[in-house]
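Fold and contact review
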Amino acid sequence: MSKPKLALYWAASCGGCEVAVLDISEKILDVAAFFDIVFWPCAMDFKYKDVEAMADGSIDLCLFNGAIRNSENEALAHLLRRKAKVLVAFGSCAMDGCIPGLGNLTTREAILETSYQDTPSTVNPQKIRPMPEYAAPEGELDIPKLYESVRTLAQVVPVEYFIPGCPPQPTQILAVMSAIMQGAALPPAGSVIGAGEKTCCEECGRPRQEKHLKRLYRVWEIEPKPDECLLDQGIICMGPATRSGCGGLCVKANMPCRGCYGAAPNVIDQGVKMISALGSAIDAQEPAEIDAILDQIADPAGTFYRFSVPSSMLYRKQTSA
Amino acid sequence: METNNKRFEPRIVGFLCNWCSYTGADLAGTSRMKSAPNLRIVRLMCSGRVDPSFILRAFQLGADGVLVGGCHPGDCHYQEGNYKALRRVLLLKRVLRQFGIDERRLRLEWISAAEGEKFAKVSNDFTEEVRALGPLALETSALETKTEGMETEEVAA
């Protein structure tokens, strides 16, 4: 009997998801023994044409990390969707857009302007920008085209499962891979796997009190007490709006949850849920006093939607509203 | 000038609390005051029940403006639900700004059960304000596929 086929791909991502897969340590050998790895650009030498030559539906499992923000990302999303029986949005970028998704709070033009002109270390008097196509003497050259917006994988092609996290925790990856290798029944399509069913607060363990916030702090402005809810101390911790599953790593290191595991179960929009929670927790009644406290949040959208601008209800900065 | 039948008619969703603002709207009706028909009212027990996700959902589903109505400060039937609404609206407005949505599309008003006249004035004023702002058609990921699909095929070919 031939081995089940596994593909791993990275689109707009940092490579952390790839490292997380390798962080299952020696168990990666079990994965390599159980599966026939047919495509994994980060670790093994395969070409896109190898994938194109495969029969449709011939890949049993594809773990796809990274968001979709250029034409290459999108072409590979369609290609791997065609070739894979089960397509998994692996990690926060593929699931929610993650850090690349913050690009949706600006425009493509502004991003290019910053990258190729405005940064202090850039010297570009001729205002040269990357050209999608170039006619070289040796022939036509092209590079992927950058899109206006960053999209999640599921906004481009249908996806069976979602594994959250920036990156997904190796213990969770291992649990998912072990279950598959032991032949466990697959959950219904659309499920979030490799994560918990509560909020990050459930894994935190710090005692919580009724919140009366008069002052909000950025992490560098205060030394947090290790045995008290960070939000109670005025540090914006995304725990209440975020799905459990990471084991509370950040809060255990005395840092607030940034929200990488995405919206908590049954929450449709992580950022707005945090706005709701913070609205309850702030202790002020006069608009001027409230505004003075809110001024202490340097970047509200970037804080509440750090990992989920593309998958949020608003999706991107509106350019015509 | 625009004629009446070509005029943009904004869709406005109003989340009104049961005890004050909705009763105020009711008073405006029973007193036969004229108010703009653009406001679609959703009655809730308290403005503190208005989760900000309701507001975004309204915008997402085609509302051009959202009105949140609660009891005057100090008058909340549940002590401080209206203060929660106030803090949430103030914070959400900041986020809307960053998402490129004019914050005037979201309005919070205190309307008591006795203020039928204020309700009528608020709904008329807000309707005109949103009318002037024009329609809000949120850009979605589906739009992206439509405009950029061509490039994809080109690359896949």
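Before any of the text, the structure's been laid out above.
Parameters and conventions
- Residues numbered from 1 in each chain as written.
- Chains lettered and ligands numbered in written order.
- Predicted model: local features only at pLDDT ≥ 70, side-chain atom pairs only at ≥ 80, totals over all residues.
- Helix = DSSP H or I, 4+ residues; strand = E, 2+ residues; numbered from the N terminus.
- Buried ≥ 20, exposed ≤ 12 C-beta atoms within 10 Å, placed from the backbone.
- Contact = placed C-beta atoms within 7 Å.
- Pairing = 2+ DSSP bridges.
- Axes fitted to C-alpha atoms, helices over the stretch in contact; angles between N-to-C directions.
- Nonpolar A, V, L, I, M, F, W, Y, C, P; charged D, E, K, R; others polar.
- Arc of directions from axis to C-beta.

1. Some points on the overall build of chain B
Across its full length, chain B holds 5 helices and 4 strands. Going through the 157 residues of chain B one by one, you find that 48% of them count as buried. Of all intrachain contacts in chain B linking residues separated by at least 6 positions in sequence, the fraction that spans at least 24 positions is 79%.

2. Notes on the sheet that holds strand 3 (residues 59-65) of chain A
Residue and element names in this part refer to chain A. An order of 2-1-3-5-9 is seen for the 5 strands of this open sheet, with the pairing classed as parallel. The strands lining the two open edges of the sheet, one partner per strand, are strand 2 (36-39) and strand 9 (161-163). On average, each strand axis in the sheet is inclined to that of its neighbour by 25 degrees, with strand direction left out of account. Bridge count for strand 1 (residues 5-10) against strand 3 is 5 bridges, and the pairing is parallel. For Leu 6, the partnering residue across the bridge sits in strand 3 and is Leu 61.

3. Section: the interface of chain A and chain B
Taken together, the contacts link 39 residues of chain A with 33 residues of chain B. Among the secondary structure elements, those contributing two or more residues to the side of chain A that touches chain B are helix 4 (71-83), strand 8 (146-151), helix 10 (270-281), helix 11 (287-294) and helix 12 (300-304) of chain A. Here the side of chain A that touches chain B gets 7 residues from one element, more than from any other, and that element is helix 10 of chain A. Classifying every residue of the side of chain A that touches chain B gives 19 nonpolar, 10 polar and 10 charged.

4. Quick notes on the sheet that holds strand 4 (residues 106-110) of chain B
Residues and elements named next belong to chain B. Judged by pairing direction, the sheet is parallel, and its 4 strands sit side by side in the order 2-1-3-4 without closing on themselves. Across the chains shown, the open sheet's two edge strands, defined by having one partner strand only, are strand 2 (39-44) and strand 4. Neighbour to neighbour, the strand axes of the sheet diverge by 20 degrees on average, direction disregarded. As defined by bridge partners, strand 1 (residues 12-17) adjoins strand 2 across 6 bridges and the pair is classed as parallel. Looking across to strand 2, one finds that Leu 16 is bridged to Arg 43. Along the sheet, helix 2 (residues 52-60) contacts strand 1, strand 3 (65-70) and strand 4; its crossing angle with strand 3, the most-contacted strand, is approximately 150 degrees.

5. Here we look at helix 2 of chain B
Along helix 2 of chain B, the positions that sit buried rather than exposed are Pro 52, Ile 55, Leu 56, Ala 58 and Phe 59 of chain B. Burial along helix 2 of chain B is one-sided: seen end-on, the buried residues are contained in an arc of 155 degrees. On its buried face, helix 2 of chain B is in contact with helix 10 of chain A together with strand 1, strand 3, helix 3 (81-98) and strand 4 of chain B. Where helix 2 of chain B terminates, the next one or two residues include Gly 62 of chain B, which has phi positive at roughly 115 degrees.

6. A short note on the environment of Met 274 of chain A
Residue and element names in this part refer to chain A. Turning to its location among the elements, Met 274 is positioned in helix 10. Separated by 65 residues in sequence, Met 274 and Gln 209 place their C-alpha atoms 17 Å apart. Discounting residues that sit within four places of it in the chain, Met 274 has contacts with Met 238, Pro 240, Ala 241 and Phe 304.

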